[in-house]
Protein chains: 2
Amino acid sequence: MWRLYHFTLCPFSRKVRFALAVKGVTHELVMERPWEKRSAFTALNPAGQTPVMQQGHIVLADSVAILEHFEEVVERTGLLGPKPEDRAETRRLVAWFDQKFYAEVNALLLAERMYKRAVLRASPDAAVLRQAGRMADVHLDYIDYLLERRAWLGGNQFGLADIAAAAHLSVADYLSGIDWDGHDPAKTWYSAIKSRPTFRPLLAERFEGLQPPPHYDKLDF
Amino acid sequence: MWRLYHFTLCPFSRKVRFALAVKGVTHELVMERPWEKRSAFTALNPAGQTPVMQQGHIVLADSVAILEHFEEVVERTGLLGPKPEDRAETRRLVAWFDQKFYAEVNALLLAERMYKRAVLRASPDAAVLRQAGRMADVHLDYIDYLLERRAWLGGNQFGLADIAAAAHLSVADYLSGIDWDGHDPAKTWYSAIKSRPTFRPLLAERFEGLQPPPHYDKLDF
């Protein structure tokens, strides 16, 4: 069986877990705290980052490489879209959330609200949190804009763009970084995602010493 | 014909140009300075980043999405490798250079030596340049390590891992960020890349007001 090295609040791990659940790829989970730089983990992935998947001598690192791999070898439930142009649009949006949303929102929230509080036992920087909140709002505007034109983020079918966006948003939401007010299209879309049995296990997990806000795992939020 | 919006010293643009040349995909070039935030360009790619490819109503943004697209639609000269595991390893290394090398080396060099000097007419921060140099050396060590075990970076065939690495290294080299001394495997590999007719046009370009070091486009460096 595949083994997935993940961290509960790593958005890239969540993206892979949600996608594998949708595709029906069974795997066992190993919780990894990447900042501890465990040598056996660094040997698997010299980049030192979650997620990593392993089965026997096969090691897959980097969330994009992992998901492209399972798109190639598991043909059921294709997540990229039917036509080459659909797939390019899906991949553009996955990169949008993995790079822009991560750098502008989640990297800040994870540093201030997760690492500083739960690991260093220090206080977060309020100015950095405000900046993350402002950028999260710009991203929610863009999600609203897309959903006013499409049924799902990448087009007319649920797919990897939705999975990537939900993974990143769920981490920001856990860390109290999302204000859903005034973003009805995004809210309706995220409520539909939250109701999926493939996504609910992610929302049930907690990271020690750090509670999400009360609305975090509620369908009506 | 495809139109490629690129910036001369953008490593992601260089990766796409080198790959398209190897695959024989003809295209015309449009030089874009992303920091000018030209509205017609932002309309094509809301992320505001090069590279972007356009042909009629089809717009491809993000270098990974662009190259996965051409792997799908142009079957000749596959750049990812023959087997799924080869392709996963290639994609892991492309992510390595696009994310780690970029963040640790090129983002610093582009900010200090390109943007500050050529655009803002300001002096670079020597401490930041030293940090970029130290990290470039760590990356060259990793390239040496791989090349002591394989003919090419991703495995036994030339492919997208080599193309991504050469694109990023060539930008760092242009900006005087690479010290090749003591890295013979990397040097021999890069010399072979430099001799390719598909790569040489990139080395011939200059960005106004910013000259590369004398060894930059020499095969013997």
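Each residue is numbered by its place in its chain's sequence as written, counting from 1. Naming scheme: in the order in which they are written, chains are lettered from A and ligands are numbered from 1. For this predicted model, a pLDDT threshold of at least 70 governs which residues receive local features, and a threshold of 80 or more governs which side-chain atom pairs are given and counted, while totals over whole chains, interfaces and linings are taken from all residues. Derived side-chain values reflect all non-hydrogen atoms in the structure, with water molecules and hydrogen atoms excluded from consideration.

Let's shift gears to the pairing of strand 1 (residues 2-6) of chain B. Residue and element names in this part refer to chain B. A large share of strand 1 lies buried, amounting to four of its five residues. The pairing of strand 1 with strand 2 (residues 27-31) spans five bridges and is parallel. Opposite Arg-3, over in strand 2, you have Glu-28 as the bridge partner. Note on handedness: a crossover is taken as right-handed if, strands pointing away from the viewer, the path from the first strand over the helix to the second is clockwise. Secondary structure elements follow DSSP: runs of H or I no shorter than four residues count as helices, runs of E no shorter than two count as strands, and numbering proceeds from the N terminus. This β-α-β element, strand 1 to helix 1 (residues 11-23) to strand 2, shows right-handed connectivity. Judged from the three bridges that link them, strand 1 and strand 3 (residues 52-55) form a sheet pairing that is antiparallel. By the bridge assignment, Leu-4 is partnered in strand 3 with Met-53. A 1.4 Å probe rolled over the protein chains alone gives each residue an accessible area, and that area as a share of the maximum for its type sets the label: buried under 20%, exposed over 50%, partly exposed in between. A pair of strands is considered paired only if DSSP assigns at least 2 bridges between the two.

Turning our attention to the sheet that holds strand 2 (residues 27-31) of chain A. Residue and element names in this part refer to chain A. Reading across the sheet, the four strands line up as 2-1-3-4 and stay open at both edges, with mixed pairing between neighbours. On the outer flanks of this sheet lie strand 2 and strand 4 (58-61), each paired with one strand and no other. Each adjacent strand pair in this sheet contributes to an overall mean axis angle of 20 degrees, direction not counted. With four bridges joining them, strand 3 (residues 52-55) and strand 4 adopt antiparallel strand pairing. Counterpart to Val-52 in the pairing with strand 4 is Ala-61. Working rule for contacts: check all heavy atoms of both residues, and any pair within 4.5 Å makes them a contact. Every angle, taken between N-to-C directions, lies between 0 and 180 degrees, and every axis is a line fitted to C-alpha atoms, over only the stretch in contact when it is a helix. Along the sheet, helix 1 (residues 11-23) makes contact with strand 1 (2-6), strand 2 and strand 3, crossing strand 1 at roughly 150 degrees. Those strands touched by helix 3 (residues 63-73) are strand 1, strand 3 and strand 4, and its axis lies near 125 degrees from that of strand 4.

Let's shift gears to the packing of aromatic side chains. Residue and element names in this part refer to chain A. When two rings of Phe, Tyr or Trp (its six-membered ring) have centres within 6.5 Å they constitute a pair, described as stacked for plane angles under 30 degrees, edge-to-face for angles over 60, and tilted for the intermediate range. If you walk through the whole model with that rule in mind, you get 38 aromatic pairs over all chains. Geometrically, the ring pair formed by Tyr-190 and Phe-199 is edge-to-face, given 6.2 Å between the ring centres and 75 degrees between the ring planes. You can call Phe-199 buried: its relative accessible area is 0%. The structure contains a cluster of three or more aromatic residues connected by ring pairs, namely Phe-18, Trp-152, Phe-158, Trp-180, Trp-189, Tyr-190, Phe-199 and Phe-221. Here the basic side chain of Lys-187 rests over the ring of Phe-221, its NZ or CZ set 5.9 Å away from the ring centre. Only Lys NZ and Arg CZ are tested; either one counts as a charge over a ring when it is within 6 Å of the ring centre and within 35 degrees of the ring normal.

The interface is formed by 22 residues belonging to chain A together with 22 residues belonging to chain B. For this document, the term salt bridge refers to a Lys or Arg side-chain nitrogen within 4 Å of an Asp or Glu carboxyl oxygen. For the pair chain A and chain B, the interface holds four salt bridges. Here Glu-72 of chain B and Arg-91 of chain A are joined by a salt bridge, their closest N and O atoms 3.2 Å apart. Those elements giving two or more residues to the side of chain A that touches chain B turn out to be strand 4, helix 3 and helix 4 (84-119) of chain A.

Another aspect to go through is the sheet that holds strand 4 (residues 58-61) of chain B. All names here are of chain B. Ordered in space as 2-1-3-4, the four strands form an open sheet in which the pairing is mixed. Both edges of this open sheet fall to strand 2 and strand 4, since each of them pairs with a single strand only. The mean angle between the axes of side-by-side strands here comes to 20 degrees, regardless of whether they run parallel or antiparallel.

The atoms used to superpose the copies are C-alpha atoms, taken from residues with pLDDT of at least 70 in both, and the fit is least squares. Each copy superposes on the other: chain A lies on chain B with an RMSD of 0.0 Å after a rotation of 180 degrees and an axial shift of 0.0 Å. Within this description, the copies of the chain are treated as partners about a two-fold rotation axis. Taken as a fraction of all interface residues of chain A, those also at the interface in chain B reach 100%, which identifies the copy contact as same-surface.

What follows deals with helix 5 (residues 126-147) of chain B. All names here are of chain B. Multiplying one less than the number of residues by 1.5 Å gives the expected span of a helix. The end-to-end C-alpha distance of helix 5 is 31 Å, a good match for the 32 Å that 22 residues give at a rise of 1.5 Å each. Listing the buried residues of helix 5 in full gives Leu-129, Ala-132, Ala-136, His-139, Leu-140, Tyr-142, Ile-143, Asp-144, Leu-146 and Leu-147. Where helix 5 is buried, its residues meet helix 4 (84-119), helix 6 (160-174) and helix 7 (184-194). Any N or O atom pair separated by 3.5 Å or less is treated as a polar contact, with the protein-specific requirement of one donor-capable and one acceptor-capable atom, and with residues adjacent in sequence counted only for side-chain atom pairs. Measuring from the backbone nitrogen of Ala-127 back to the side-chain oxygen at the start of helix 5 gives 2.9 Å, which picks out Asp-125 as the cap.

Let's shift gears to the side chain of Asp-162 of chain A. Residue and element names in this part refer to chain A. Residue position: Asp-162 is located in helix 6 (residues 160-174). Put simply, Asp-162 is tucked away with no salt bridge, and the nearest opposite charge, on Arg-196, sits 7.4 Å away. In this view, Asp-162 contacts Trp-152, Leu-153, Gly-154, Gln-157, Trp-189 and Ile-193; residues no more than four positions away in its chain are not counted. By the counting scheme adopted, Arg and Lys are positive, Glu and Asp are negative, and His together with the chain ends is not counted.

Quick look at helix 4 of chain B now. Residues and elements named next belong to chain B. For helix 4, which comprises 36 residues, the first-to-last C-alpha distance of 44 Å sits more than 12% below the rise-based estimate of 52 Å (1.5 Å per residue). Here the bend at each residue means the angle between axes fitted to two seven-residue stretches, the one ending at that residue and the one beginning there. Remark: the principal bend of helix 4, roughly 70 degrees, maps to Tyr-102. One or two positions beyond helix 4, positive phi appears at Arg-121, with a value near 55 degrees.

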